[in-house]
Amino acid sequence: MYENVMKSAERFKARPLGRDQKIGGMKQREDLLFMKVEQEQAVPFITWLKELGGFGHLVLFTAVDFIEQDIFQITYLLHSYEQHHDIVVLVEIDRQKAEMESIHHLWPHAATYQQELFEMFGITFPGSPRLYEDFALEGWQGPPPMRRDFDTKEYSEKTYFPRPGRVTHDPATYMKEQLYPGEAQTW
Amino acid sequence: MDNDSNNKEQLDEIRKQLTLANNDVREGEQAYFCDARPVVVEPYRGILERFANWARSESLWILGFGTGCGAIELRPLMTSRYDMYRFGIQPRPTPRQAGVFVIGGYASVKTMKRIVRSYEQMQGPKFVVGLGSCTINGGMYWDSYNTINRLDHYIPVDVYIAGCMPRPEALLAGFNALKAKIRAGECDGMNKYAQNFDWYKANQKQIIKHWEMPDYNW
């Protein structure tokens, strides 16, 4: 499987991540492969994986906001039932121009994921059906809430009438001072 | 972007032109939707009111609408171990037959829309039980972007049951507290809602932006 995918991966300029690395003393699972692809090559690569590579099941499709690098990382997790193998396709897109090719022509249910990604991250997928309709947040007017520059605490305090009297303790200091004052410091 | 309906501006345009659901209804049938403000209902006097309150407290019919994760605690309450029927409590499938609304934990804005609508459809006298700490101050979702913090700013609440989640015993204690309050004639949430209707509506409108439902007191 690995050789087969890698042979075509060169065509799509996809490179495997951490295949033989040991992370925290543990080797990566044999049946899981991370591939990083350029944005232009992502959908052709996924199409190849689905049609010819045997990865017919879209397990998961989500995004991660790496605000420090000014990118969104889009994650496609595919599974092959014949080979019992997972493959993760990672695509980095520009955070300022958050736009990605749609894959709803490959899996119709991807349109729902894309609807959610637009609502939560503001990533657009041109051509995806029902993309701009309300999904979970009906009538949301703020910025996309899962972006990391959206301050959810500030928004909540402004909008939802916080009840006064809530005190927040740092768990470590609170435990040390209040509950176990005599104990030796173990953390 | 070849599909026209995908255009966000166009969709906003369409949304602006969207009319409420009862606009298409013929003139004679529009009356099925209530467009009147709720009114204050004066209680009876003396022994009549006390008798009515006793009767109300002994048949609490709760609305079977599990609005949050706390609704899972209502299932063991129904079955033989805790058996809420011996307290005269039973679930009803529709708000029009129910007298007690149990808000089961966190309420997101999307659910809040349904809660308000269901609460307004319930017939008086109606009582609200806030279940779990999420209804009191937001609980563990206090800083979430989409869940409310204080339920009593949107609908009047008679009894809160603290806990995350409260066990069925706590729920029974809460229902008994509700019964005692009803018998004492202190559960006046419906009149409170009618008196402070503008305040409640202003709070509701602050979070619920798209109503798109029948023009029901909105």
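Report on the accompanying structure. Predicted model, so just to flag it, every value in this text is computed and none were measured. (Residues numbered from 1 in each chain as written. Chains lettered and ligands numbered in written order. Predicted model: local features only at pLDDT ≥ 70, side-chain atom pairs only at ≥ 80, totals over all residues.)

In this structure, Pro125 of chain B follows Gly124 of chain B across a cis peptide bond, with omega equal to -5 degrees. Among the secondary structure elements, Pro125 of chain B is positioned in the loop between helix 4 (109–121) and strand 4 (127–131). Residue Met165 of chain B follows Cys164 of chain B across a cis peptide bond; omega there is -10 degrees. Note on placement: Met165 of chain B falls in the loop between strand 5 (159–161) and helix 6 (168–183). Of note, the phi angle at Lys13 of chain A is positive, near 55 degrees, even though the residue is not glycine. Its place among the elements puts Lys13 of chain A in the loop between helix 1 (2–11) and strand 1 (15–17). When the 12 C-beta atoms within 10 Å are taken as the criterion, Lys13 of chain A is described as exposed. Located in the positive-phi region is His84 of chain A, a residue other than glycine, with phi close to 50 degrees. When you line up the elements, His84 of chain A lands in the loop between strand 6 (71–80) and strand 7 (85–94). What makes His84 of chain A exposed here is the crowd of 9 C-beta atoms within 10 Å. (Helix = DSSP H or I, 4+ residues; strand = E, 2+ residues; numbered from the N terminus. Buried ≥ 20, exposed ≤ 12 C-beta atoms within 10 Å, placed from the backbone.)

Okay, the sheet that holds strand 4 (residues 32–37) of chain A next. Residue and element names in this part refer to chain A. On the basis of which strands lie adjacent, the open sheet formed by 5 strands has the order 1-4-7-6-5 and mixed pairing. Sheet topology places strand 1 and strand 5 (57–66) at the edges, where each strand pairs with a single neighbour. The mean angle between the axes of side-by-side strands here comes to 25 degrees, regardless of whether they run parallel or antiparallel. (Pairing = 2+ DSSP bridges. Axes fitted to C-alpha atoms, helices over the stretch in contact; angles between N-to-C directions.)

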